Amino acid sequence: MPFDERCVTSTAKVSVPSICDFLQLSFNGAAGILDLNRSQSNLGRELDLFSFPDEIGSGLPVFHPKGGVIKRVMEDYVRQRHIEEGFSYVGTPHISKDGLFHTSGHLPYYADTMFPPMEFEGANYQLKAMNCPVHNLIFSSRGRSYRELPVRLFEFGSVYRYEKSGVINGLTRVRGF
């Protein structure tokens, strides 16, 4: 099956031709070519890839088994490419004290798109809206030689943003990803 550039721009902006081929063969092989003009929310529902249950909340996707396979294949590819380029895989919690976001300078600029803080044991905690403040903690956890630079970290960490309901759109604008 030839590479179709329309598939790249229509599949959550993934630039992996094999993912598009995988989608076409796995979920539409006998039925013909995937209609790339449909909205991704409709495709997600029709192909049983993902949904946005009202019980969870707007903009919070749930990946079904088929969608989980696609997500895993994409993550495996991205992980492999990052490692090939010298990045180190890390993992961080979904929540941290809000002081971290003050220290990094993110909170004053992004407070309106972050979920409100939660108070727990006398401290305010925030859902993680970006990975970089926690990655900065990993970097600063020990002294480093200039020979170790640059330090390149990555993760598939879940982040949560308080997007206004009018801008939520399929998988391109969500509250949890």
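Everything quoted here is computed from the prediction, not taken from an experiment.

Right, let's talk about the overall build of the protein chain for a bit. Helix and strand counts for the protein chain stand at 7 helices and 7 strands. In the protein chain, which comprises 177 residues, the proportion classed as buried is 32%. Looking at the protein chain alone, contacts between residues at least 24 apart form 55% of all its contacts between residues at least 6 apart. Summing over all exposed atoms, the protein chain offers an accessible surface of approximately 11200 Å²; the carbon and sulfur share of this is 55%.

With that settled, consider helix α7 (residues 132–139). Where α7 is concerned, the buried positions are P133, V134 and H135. Along its buried surface, α7 packs onto α5 (98–103), α6 (106–110) and β7 (153–154).

We now examine the pairing of strand β6 (residues 123–127). In this structure, strand β4 (residues 95–97) lies alongside β6, joined through 3 bridges in antiparallel fashion. Counted as the bridge partner of I95 is L127 from β6. Taken together, the 3 bridges between strand β5 (residues 118–120) and β6 define a ladder with antiparallel strand orientation. In the strand pairing of β6, M118 is matched with Y125. The antiparallel hairpin formed by β5 and β6 contains 2 residues in its connecting segment, where E121 sits at a positive phi of about 50 degrees.

All right, on to unusual backbone geometry then. In this structure, the amide linkage connecting L149 to the following residue, P150, adopts the cis form with an omega of -5 degrees. Its location among the elements puts P150 in the loop between α7 and β7. A positive phi angle is found at D48, which is not glycine, with a value near 55 degrees. One non-glycine residue, E121, adopts positive backbone phi at about 50 degrees. Considering the arrangement of structural elements, one finds E121 in the loop between β5 and β6.

Looking at the secondary structure, you find Q126 in strand β6. Within polar-contact distance, the side chain of Q126 engages the backbone oxygen of F115 at 2.9 Å.

A word on the confidence of the model for the protein chain. In the predicted model, the protein chain carries a mean pLDDT of 82, and the fraction of residues at 70 or more is 79%. Contacts of residues 1–17 to residues separated by more than four positions or lying in other chains number 21 contacts, the stretch itself having pLDDT below 50. With pLDDT under 50 throughout, residues 25–34 is counted as low confidence; its partners more than four residues away or in other chains account for 14 contacts.

Turning our attention to helix α4 (residues 65–84). Helix length check: α4, at 20 residues, gives a terminal C-alpha distance of 28 Å against a target of 28 Å (1.5 Å per residue), a fit within 8%. Of the residues flanking the end of α4, it is G86, one or two places downstream, whose phi is positive at about 95 degrees.

What follows concerns the sheet that holds β4. If you trace the 3 strands from one edge of the open sheet to the other, you get β4-β6-β5, paired in antiparallel fashion. Strands at the two margins of the open sheet, each flanked by one partner only, are β4 and β5. For this sheet, the mean angle separating the axes of adjacent strands, direction not counted, is 40 degrees.

Turning next to the packing of aromatic side chains. The geometry of an aromatic ring pair is captured by two quantities: the separation of the ring centres and the angle between the planes. Tallied over the full model, the rule gives 8 aromatic pairs. Between the aromatic rings of Y89 and F154, the centroid separation amounts to 5.4 Å while the plane-to-plane angle is 70 degrees, which identifies the pairing as edge-to-face. Of this pair, Y89 sits in strand β3 (residues 88–89) while F154 is found in strand β7, placing the two residues 65 residues apart along the sequence. With relative accessibility at 45%, the residue Y89 sits in the partly exposed group. Their ring planes at 90 degrees and their centres at 6.1 Å tell us that F154 and F156 sit as a pair that is edge-to-face. Owing to a relative accessible area of 29%, F156 belongs among the partly exposed residues under this scheme. Among the aromatic residues, those joined into a ring-pair cluster are F87, Y89, F154 and F156. The residue whose ring lies beneath K71 is F63, and the NZ or CZ to ring-centre distance is 5.5 Å.

What counts and how
Residue numbering note: each chain is counted from 1, following its sequence as written. In keeping with the predicted nature of the model, local features appear solely for residues at pLDDT of at least 70, side-chain atom pairs appear and are counted solely at 80 or more, and the whole-chain, interface and lining totals rest on all residues. As a convention, hydrogens and water are excluded, and side-chain values are obtained from all of the structure's heavy atoms. Note on conventions: DSSP H or I runs of at least 4 residues are helices, E runs of at least 2 residues are strands, and numbering of each starts at the N terminus. Only protein chains enter the area calculation, which uses a 1.4 Å probe; residues under 20% of their type maximum are buried, those over 50% are exposed, and those in between are partly exposed. Only heavy atoms enter the contact rule, under which two residues are in contact if any of them lie within 4.5 Å. Shrake-Rupley sampling with a 1.4 Å probe provides the accessible areas, and residues are treated as covered by the protein chains on show and by no other component. Strands are labelled as partners when DSSP assigns at least two bridges between them. Contacts described as polar in this section are N or O atom pairs within 3.5 Å, which, within protein, must combine one atom able to donate a hydrogen with one able to accept it, while residues neighboring in sequence count only if both atoms come from side chains. pLDDT measures how confident the predictor is about each residue, on a scale from 0 to 100. An expected span of 1.5 Å times one less than the residue number is assigned to each helix. Every axis corresponds to a line fitted to the C-alpha atoms, with the helix fit spanning only the stretch in contact, and the corresponding angles, defined between N-to-C directions, vary from 0 to 180 degrees. Any two rings among Phe, Tyr and Trp, with Trp reduced to its six-membered ring, count as a pair given centres within 6.5 Å; such a pair is stacked if its planes are under 30 degrees apart, edge-to-face if over 60, and tilted if neither. Throughout this description, the term charge over a ring refers to an Arg CZ or Lys NZ atom that lies within 6 Å of the ring centre and within 35 degrees of the ring normal.

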